[in-house]
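Observations on chain architecture
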Amino acid sequence: EDKDKQTDTANDSTQAAVITQLTLTGDPIAEIDLGSSQTLTYTVDPSDFAMTADAVYATTSDSNVLAVSAECLSDPARVEVTLTGKAAGTADYTVRAAEGDAQQTGQITVHDRAAEQAAAEAAAAQQAAQEQAAAQQSETVYVTPSGKRWHRSASCAGKNARAVTMDQVGGRTPCKKCAS
């Protein structure tokens, strides 16, 4: 019986350890730019785990948006996960021990700053055009009851002129003298 116990104890100490926990060192990353890469470092528990190249791996929920790779390093045991933005969007990533239940997950939003800037500029230009059009529609001009023209100046319009806004000129066309 004592020999059996000794054999069991010997087998216990030679069993391959598994990674029981992955812990992110530093701050998590939530956003990266298109075409750029960020590296996350995870420590491994147990800290004396004998790392192999395939002890930990990384996956992504959308490889069109986010590329991930894991490099297992020793002394101290750790994993460096590189995240690279491939297209604008959001993707999840998972860092997982090849054996055992240890894993960490995160979500990354990849920004296409050039496209976002162009969209913001286009929206600002559109808003400016709308504001200019609204200002022009509310501009005061002068018309006469029977006239077919509108005027910017009351003196050009004549004695019977009345002030109206541009959106009230109807089918009248601008006066060649004062509307240019």
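For every chain, the first residue of its written sequence is number 1, and the numbers climb from 1 along that sequence. In keeping with the predicted nature of the model, local features appear solely for residues at pLDDT of at least 70, side-chain atom pairs appear and are counted solely at 80 or more, and the whole-chain, interface and lining totals rest on all residues. As a convention, hydrogens and water are excluded, and side-chain values are obtained from all of the structure's heavy atoms.

1. Observations regarding the overall build of the chain
Each helix is a run of H or I in the DSSP string that is no shorter than four residues. Each strand is a run of E no shorter than two, and both are numbered from the N terminus. Within the chain, the regular secondary structure consists of three helices and twelve strands. Here the C-alpha coordinates of the chain stretch approximately 125 × 25 × 25 Å along the principal axes. Sorting the 180 residues of the chain into buried and exposed places 25% on the buried side. In what follows, a contact means two residues having at least one pair of non-hydrogen atoms within 4.5 Å. Within the chain, counting contacts between residues at least 6 apart in sequence, those at least 24 apart form 55% of the total. Accessible surface, the chain: about 11,600 Å² in total, of which carbon and sulfur atoms supply 46%. Residues counted as positive are Lys and Arg, residues counted as negative are Asp and Glu, and His and the chain ends are not counted. For this purpose, a charge sits on NZ of Lys, CZ of Arg, CG of Asp or CD of Glu. Between the centroid of the 14 positive side chains of the chain and the centroid of its 24 negative side chains there is a distance of 37 Å. Partly exposed residues are those whose accessible area sits between 20% and 50% of the maximum for their type, while under 20% is buried and over 50% is exposed, using a 1.4 Å probe and protein chains only. Surface exposure here means Shrake-Rupley accessible area, sampled with a 1.4 Å probe, where a residue is shielded only by the protein chains that are shown.

2. Some remarks on the sheet that holds strand E8 (residues 103–111)
Read from one edge to the other, the open sheet built from four strands follows the order E2-E8-E7-E4, with strand pairing classed as mixed. At either end of the open sheet lies a strand with only one pairing partner, and these are strand E2 (31–33) and strand E4 (56–60). Strand-to-strand twist across the sheet, computed as the mean angle between neighbouring axes with direction ignored, equals 30°. Pairing between strands is defined by DSSP: at least two bridges between the two strands are required. In this sheet, E8 lies alongside strand E7 (residues 89–97) in antiparallel orientation, the contact comprising eight bridges. Helix axes use the C-alpha atoms of the stretch in contact, all axes being lines fitted to C-alpha atoms, and the angles between their N-to-C directions lie in the range 0 to 180 degrees.

3. Section: the sheet that holds strand E3 (residues 37–45)
Strands sit in the order E1-E3-E6-E5 across an open sheet of four strands; the sheet is antiparallel. Taken across any chain shown, the strands that pair with only one partner, and hence form the sheet edges, are strand E1 (21–25) and strand E5 (66–73). The sheet shows a mean angle of 30° between the axes of neighbouring strands, taken without regard to direction. By the bridge criterion, seven bridges tie E3 to strand E6 (residues 78–85) in an arrangement that is antiparallel. Its bridge partner being in E6, tyrosine 42 is matched across the sheet by valine 79.

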